[in-house]
Amino acid sequence: MSFELLPNEVLFDIFNLLSIPDFLHAFSELNHRFDKLICDHLQNQKCIDLRTTTKFNFDLLWKQYFPKLIGEITSLSLSNNINTFDQFYSHGFTLRQFTRLQSLSLFHIHSNEAIQNIMRDLPHLSTLTHMTLEKCTVNDYSFVDIIWSLPNLVYFRFNTFFDSPLTFNAPTVTSSTVKSVHGFCDERGISIIDLLQRTPKARYLSICINSYPSFTDLSTNLTSITKLNLVFLSSLFSALLNFLRRIPNLTHLKIDMKEHFIHAQIWERLIQKYLTKLKHLQFKMKSTTVIENSTAEQQVKRIVDDFRNSFWLDEHQWFVQCDWNPRNRNCYVYTIPYTFEDFNIDFPIYSKSTHAHDNAQCLFECVRRLTFDTTSYDLHECLTFSYIQLPNIEHISIKLPIQNPLWYTNGQCHPSVYKYELNCLNQLQHLLEQYSRLTSLHFQGWPSAILNLSKCHIKNMSVFELISRCPLGHEYYYTRKECDQFTSSILSNQCKILSIDVKDSFCVYDLIIKMNKLEMLNVNLKINLLNLNQTSDSENLVKWLNRKMQGVSTNIKNITTRTALHRSYLFIERS
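Predicted model, so just to flag it, every value in this text is computed and none were measured. One numbering rule holds for all chains: residues counted from 1, following each sequence as written. Totals for whole chains, interfaces and linings use every residue, but because this is a predicted model, local features are given only for residues with pLDDT of at least 70 and side-chain atom pairs only at 80 or more, for both listing and counting. Calculation of side-chain values draws on the structure's entire complement of heavy atoms; hydrogens and water are dropped beforehand.

**Quick look at the overall build of the protein**
Move 1: Each helix is a run of DSSP H or I of at least 4 residues and each strand a run of E of at least 2, with the numbering of both proceeding from the N terminus. Along its length, the protein carries 19 helices and 22 strands.
Move 2: Using a 1.4 Å probe on the protein chains alone, a residue whose accessible area is under 20% of its type maximum counts as buried, one over 50% counts as exposed, and one in between counts as partly exposed. Here the protein holds 575 residues, and the buried ones make up 51% of them.
Move 3: Here the contacts in the protein between residues at least 6 apart in sequence split such that 69% fall between residues at least 24 apart.
Move 4: Summing over all exposed atoms, the protein offers an accessible surface of approximately 26,500 Å²; the carbon and sulfur share of this is 49%. In what follows, a contact means two residues having at least one pair of non-hydrogen atoms within 4.5 Å. Accessible areas in this description were obtained via Shrake-Rupley with a 1.4 Å probe; residue shielding takes into account the shown protein chains only.

**Thoughts on unusual backbone geometry**
Move 1: In the segment running from Ile-336 into Pro-337, the intervening peptide bond is cis, with an omega of 0 degrees.
Move 2: By the secondary structure assignment, Pro-337 is in the loop between strand S12 (331-336) and strand S13 (342-346).
Move 3: One non-glycine residue with positive phi stands out, namely His-108, at about 55 degrees.
Move 4: Positive phi outside glycine occurs at Gln-317, with the angle close to 55 degrees.
Move 5: Structurally, Gln-317 can be placed in the loop between helix H12 (310-315) and strand S11 (319-324).

**With respect to the environment of Asn-452**
Move 1: Assignment of secondary structure puts Asn-452 in helix H15 (residues 449-452).
Move 2: In the structure, Asn-452 is positioned 33 residues away from Gln-485 in sequence and 8.7 Å away in space, judged by C-alpha atoms.
Move 3: A polar side-chain atom of Asn-452 sits 3.0 Å from a polar atom in the side chain of Glu-421. In protein, a polar contact means a hydrogen-donor-capable atom and an acceptor-capable atom, both N or O and within 3.5 Å, with residues adjacent in sequence counting only if both atoms are side-chain atoms; elsewhere, any N or O pair within 3.5 Å suffices.

**Here's the deal with the packing of aromatic side chains**
Move 1: Only rings of Phe, Tyr and Trp enter the pairing, Trp through its six-membered ring, and a pair is recorded when the two centres are within 6.5 Å. The plane angle decides the type: under 30 degrees is stacked, over 60 is edge-to-face, the rest tilted. Tallying each qualifying case throughout the model produces 19 aromatic pairs.
Move 2: Pairwise contacts between aromatic rings join Trp-267, Phe-283, Phe-307, Phe-311, Trp-312 and Trp-318 into one cluster.
Move 3: Lying across the ring of Phe-464, Lys-496 places its NZ or CZ 5.8 Å from the centre.
Move 4: Between Lys-548 and the ring centre of Tyr-509, over which it is positioned, the NZ or CZ distance is 4.8 Å. Over a ring means this: the NZ of a Lys or the CZ of an Arg is within 6 Å of the ring centre and within 35 degrees of the ring normal.

**Structural notes on the packing of helix H18 (residues 505-514) against helix H19 (residues 537-548)**
Move 1: As a rule, the C-alpha atoms of each element are fitted with a line to give its axis, helices using only the stretch in contact, and angles between N-to-C directions run from 0 to 180 degrees. The N-to-C vectors of H18 and H19 enclose an angle of 55 degrees; their axes lie 11 Å apart at closest approach. By the angle class used here, H18 and H19 are oblique. Note that H18 runs across H19; the crossing there is right-handed. Packed against H18, whose contacting residues are Ser-505, Phe-506, Val-508, Tyr-509 and Ile-512, the element H19 presents Leu-541, Trp-544, Leu-545 and Lys-548 at the interface.
Move 2: Residues are sorted three ways: Asp, Glu, Lys and Arg are charged, Ala, Val, Leu, Ile, Met, Phe, Trp, Tyr, Cys and Pro are nonpolar, and all the rest, Gly among them, are polar. Of the residues in the contact of H18 with H19, the class split is seven nonpolar, one polar and one charged. Roughly parallel refers to an angle under 35 degrees, roughly antiparallel to one over 145, roughly perpendicular to one between 65 and 115, and oblique to any angle outside these ranges. Handedness of a crossing is defined here by the sense of rotation of the near helix relative to the far one, left-handed for an anticlockwise turn of less than a right angle and right-handed for a clockwise turn.

**A closer look at the nonpolar core**
Most often, soluble globular proteins keep nonpolar side chains buried together rather than apart.
Move 1: We define a nonpolar core as any set of buried Ala, Val, Leu, Ile, Met, Phe, Trp, Tyr and Cys residues linked to one another through side-chain atoms lying within 4.5 Å. Within the largest apolar cluster, 97 residues are counted, with the highest numbers of intra-cluster contacts made by Met-131 and Trp-267.
Move 2: For Trp-267, the residues in contact, after removing those within four places along its chain, are Leu-253, Ile-255, Met-257, Ile-262, Leu-281, Phe-283, Met-285, Phe-307 and Trp-312.
Move 3: Membership of the second largest hydrophobic core comes to 69 residues, among which are Tyr-338, Ile-450, Leu-466 and Val-542.

**Description of H18**
Move 1: Among the 10 residues that make up H18, seven are buried, leaving the element largely enclosed by the rest of the structure.
Move 2: Turning to H18, its buried residues are Ser-505, Cys-507, Val-508, Tyr-509, Asp-510, Leu-511 and Ile-512.
Move 3: The backbone nitrogen of Phe-506 lies 3.0 Å from a side-chain oxygen of the residue at the head of H18, namely Asp-504.

**Some thoughts on the confidence of the model for the protein**
Keep in mind that low pLDDT regions are not for reading the predicted coordinates in detail.
Move 1: Every residue carries a pLDDT, the predictor's confidence in it, which falls somewhere between 0 and 100. On average, residues of the protein carry a pLDDT of 82, and 84% of them reach 70 or more.
Move 2: When pLDDT is averaged over each element of the protein, helix H10 (residues 264-273) comes out on top at 96 and helix H4 (residues 55-69) at the bottom at 66.
Move 3: For the stretch residues 161-166, pLDDT sits under 50, and the model shows 19 contacts to residues farther than four places along the chain or on other chains.

**Points about the pattern of salt bridges**
Move 1: Salt bridge, as used here: a side-chain nitrogen of Lys or Arg that lies within 4 Å of a carboxyl oxygen of Asp or Glu. Tallying each qualifying case throughout the model produces 13 salt bridges.
Move 2: The closest approach of N and O atoms between Arg-368 and Glu-394, which form a salt bridge, is 3.7 Å. Here Arg-368, found in the loop between strand S14 (350-353) and strand S15 (369-373), pairs with Glu-394, found in the loop between helix H13 (379-383) and strand S16 (395-399); they are 26 residues apart in sequence, far enough to count as distant.
Move 3: With a closest N to O distance of 2.7 Å, Asp-501 and Arg-469 form a salt bridge. One end of the pair, Asp-501, is in strand S19 (residues 497-502); the other, Arg-469, is in strand S18 (residues 465-469), with 32 residues separating them in the sequence.
Move 4: Note on Asp-501: relative accessible area 2%, which makes it buried.

**Some remarks on helix H16 (residues 480-487)**
Move 1: All of the buried residues in H16 are Glu-482, Cys-483, Phe-486 and Thr-487. Projected down its long axis, H16 shows its buried positions confined to an angular sector of 135 degrees, all on one face.
Move 2: Here the buried face of H16 lies against H15, S18, helix H17 (490-494), S19 and H18. The arc in question is the one traced by the directions running from the helix axis out to the C-beta atoms.

**A look at the environment of His-110**
Move 1: With respect to the helices, strands and loops of the structure, His-110 is situated in the loop between strand S3 (103-107) and helix H6 (112-121).
Move 2: Relative accessible area serves as the criterion here: at 15%, His-110 is assigned to the buried category.
Move 3: Taking the C-alpha atoms as reference, His-110 lies 5.6 Å from Cys-136; in sequence the two are 26 residues apart.

**Details of the packing of H16 against H18**
Move 1: Relative orientation of the contacting elements H16 and H18 amounts to 15 degrees, with a least axis distance of 9 Å. Considered as vectors, H16 and H18 are oriented roughly parallel to each other. Considering how the two elements wind past one another, H16 and H18 form a crossing that is right-handed. Taken together, the residues of H18 that come into contact with H16 (itself represented by Arg-480, Cys-483, Asp-484, Phe-486 and Thr-487) are Phe-506, Cys-507, Asp-510, Leu-511 and Lys-514.
Move 2: Looking at side-chain class alone, the contact of H16 with H18 contains five nonpolar, one polar and four charged residues.

**Considering the pairing of S11**
Move 1: Burial within S11 is extensive, with six of its six residues counted as buried.
Move 2: Neither face of S11 is exposed, since Phe-319, Gln-321 and Asp-323 on one face and Val-320, Cys-322 and Trp-324 on the opposite face are all buried.
Move 3: Two strands pair when backbone bridges link them, and S11 and S12 are joined in this way by six bridges, in the antiparallel orientation. Note that in S12 the partner of Val-320 across the bridge is Thr-335.
Move 4: Once S11 ends, the chain turns through six residues before running back antiparallel as S12, passing Arg-329 with a positive phi of about 65 degrees.
Move 5: Bridge count for S11 against S14 is four bridges, and the pairing is antiparallel. Bridging from a neighbouring strand, Cys-322 pairs with Lys-352 of S14. At least two DSSP bridges between two strands are needed for those strands to be called paired.

**So, the state of the cysteines**
Move 1: Two cysteine sulfurs form what is called a disulfide whenever their separation falls within 2.5 Å. Across all of its chains, the model carries zero disulfides by this definition.
Move 2: You can see Cys-322 has no disulfide; the closest cysteine sulfur is in Cys-331, sitting 3.4 Å from it.
Move 3: Its relative accessible area of 0% is what places Cys-322 among the buried residues.

This is the structure we're talking about:
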């Protein structure tokens, strides 16, 4: 049966399974019937996510369909990862035109011009209730005041880059509607007390405590907060305990302590005396405490046994697991089921839990980012680590130290090392095929991985973002021959976003020409063949690339560049 003979109802069901960019790419401009079906389908879409839309699909969407939809859309997501936000404004649209918009999500917005456009439009979005800024750079202190002035805003989330010059400044105006705040970082003189004074209706707070917390001398209770999601990075452990004592109505507590450990007995006293309404407790703690003259099993057993009494198991049914690395003596203690998005496999590991059957609840459904932090000697065994189930992994990161045998010298290594590396890559292949949701892969300190992974026969893989970098001062620059080897792999064939260091501009040219789906390239060059000065490197590289591609038969329409956070990004527009 021909696909075009399918009834409209079946085609609409197919459309619903695809993202807007995908179904536009597949079905637009086929014939009059499909163009009419696309228009009808879009008119029923109140939530529009355009984060991965190419310029071609943007042009098509804006010219043919969007003017009819703009007044009906209630949810909009845009990103400048591949320039979609800039394209949005370049087509003459503004956010203020979305008169019924309730939810706005913006990703990877860095330019001051873009931020100013947003600031001008926000006051006109009177129906907005939810706003999210992910990986954005905001340098204007009045930005948050504009947000806090929105008359119906209930939810605000702001996650920026670690080295951004500004995180999330406390507002100077009061909001009577905001109830949920995510992404505040108590540092650089920014006070959580000021935030809460300007947000009296706040119920849910998701914050990061860094350096010297402003609530060290907190003397009043924070009675409005019922849910708290806390990442604690400060060295002032006493300040944390004082802060928790001041939230008497807390019912949900989720806390990630990177370098601290609260003993079971301290938790019990804190909850019984100050957090009497607490119903849900989720924590992740790290300790390097070592009990002398005891084995790893004995040490883990002592830690876990403190969480085995009636308070934990009978009264609250809170179960705890302990993972302990006998080599570096790192000890990780966390509640299960595991509810954090990040999970670090610090190998080798010995584990014990308070559940009746060890590891019975180790289905880590919330984990999205998995990091293997190990040595090259333990890498293979680490990759076979299977007592936990991670069905929703989206990002895998493998971090190896610089001093490891997988670091080639002059492109060569010992045959036994090469054989071991292939065994590791074959095991990694099983992981890549196993995790159907995986979209991002990061290699740090393992430059040969993307070269030799091509020798593995990977069948099914959905990775479209790839990072292969080494730490600062130990950069590995891929040669033109190595780039050619990489572009012949399945990793290259599916990659849309690539971060890599290469030898020269010809390597950049080869990557762009041979990687048919590449849309964004974050690249550093070792050799400047174009005699460019530092301030105009990326601009002149783009001019050189565009000139060199003239007359070459490709699907590349244009290459542009943007600099953010001291890095240059090349954007490839394809037809």
